[in-house]
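Close look at the chain arrangement
One-letter residues, chain by chain:
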Amino acid sequence: MKVFLFLIALLATTTSFAVSSGAVEKFISFVPVGNYVGVRDSGEFCQVIIENVNFPKNDLQVKITNNDLELTKLIEEDSSFGFKDFKKEFIQTEITELNTTGPYSIERIVRTVSSGAKKQYLTVSYAFIDNVGLRTANATDCVIDLP
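First, a word on scope: everything that follows refers to the structure included in this document. (Residues numbered from 1 in each chain as written. Predicted model: local features only at pLDDT ≥ 70, side-chain atom pairs only at ≥ 80, totals over all residues. Heavy atoms only, no water.)

Considering the overall build of the chain
Helix and strand content of the chain: 2 helices and 9 strands. When the helices and strands of the chain are placed in sequence order, the string is α-α-β-β-β-β-β-β-β-β-β. With 147 residues in all, the chain has 32% of them scored as buried. Of the contacts made within the chain by residues no fewer than 6 positions apart, 42% connect residues no fewer than 24 positions apart. Total accessible area computed for the chain in this model is approximately 9,000 Å², and 60% of it derives from carbon and sulfur atoms. (Helix = DSSP H or I, 4+ residues; strand = E, 2+ residues; numbered from the N terminus. Buried < 20%, exposed > 50% of the residue type's maximum accessible area, 1.4 Å probe, protein only. Contact = heavy atoms within 4.5 Å. Areas by Shrake-Rupley, 256 points an atom, 1.4 Å probe, with all protein chains shown as cover.)

Spelled out as structure tokens, the structure:
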């Protein structure tokens, strides 16, 4: 019986530890909070701002700005995400169902992946999904130098 209670306590401790290391912590392990200037694939200058928002929650906002477009993506502290440590890759997709007739939704995506030594590629995109299929509305990207 004591062993069983010990296993339950160990499982509860492990589970609460796993919840505390969420999406925000993983993202900032690849790209720290800060303001960055970089270059797009097309050669244009761009800006990336990573900032903590929604105090007292530990949410993160990723904002990528270029000459004619500014896109943001909110990463909530305990939200679902995918990652690959060896590529410094993080991806998160959020789908919001629109309150209209038919299957309409907006999909917001943030992705980052290593782009060389001390460089990171970031992209934010919005897509509109209707009953015909996926139609990309806006997307922007930036390659930044890491500290």
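Read on, since the account is not over.
Remarks on the pattern of salt bridges
Two side chains that carry opposite charge are able to pair once their charged atoms sit near each other. Considering all chains together, one arrives at 10 salt bridges under this definition. Close ionic contact of Lys26 with Asp85 constitutes a salt bridge, the shortest N to O distance being 2.9 Å. Remark: Asp85 occurs in the loop between strand 5 (82-84) and strand 6 (89-97) and Lys26 occurs in helix 2 (residues 23-30); sequence separation between them is 59 residues. By relative accessible area, which is 19% here, Lys26 ends up buried. (Salt bridge = Lys/Arg side-chain N within 4 Å of Asp/Glu carboxyl O.)

What to know about the packing of aromatic side chains
One pass over the full model with this rule turns up 4 aromatic pairs. Where Phe81 meets Phe90, the ring centres are 5.3 Å apart and the plane angle is 15 degrees; that geometry is what we call stacked. With a relative accessible area of 28%, Phe81 lands in the partly exposed category. Judged by its relative accessible area of 0%, Phe90 falls in the buried class. (Phe/Tyr/Trp six-rings, centres within 6.5 Å; stacked < 30°, edge-to-face > 60°.)

A closer look at the state of the cysteines
Cysteine pairs can be covalently joined through their sulfur atoms, and such a bond is termed a disulfide. As enumerated under the stated definition, the model contains 1 disulfide in all. The residue that forms a disulfide with Cys46 is Cys142, at a sulfur-sulfur distance of 1.9 Å. Residues Cys46 and Cys142 are joined through a disulfide that is right-handed, its torsion about the S-S bond being 80 degrees. Within this pair, whereas Cys46 is found in strand 2 (residues 45-53), its partner Cys142 is found in strand 9 (residues 134-145), the two being separated by 96 residues in sequence. For the pair Cys46 and Cys142, a shared accessibility class is recorded, and that class is buried. (Disulfide = S-S within 2.5 Å.)

Quick word on the pairing of strand 8 (residues 119-129)
As defined by bridge partners, strand 7 (residues 105-114) adjoins strand 8 across 10 bridges and the pair is classed as antiparallel. Counterpart to Glu107 in the pairing with strand 8 is Ala127. Here strand 7 folds back onto strand 8 in antiparallel fashion, the turn holding 4 residues, of which Gly116 has a positive phi close to 125 degrees. (Pairing = 2+ DSSP bridges.)

By themselves these figures say nothing about function.
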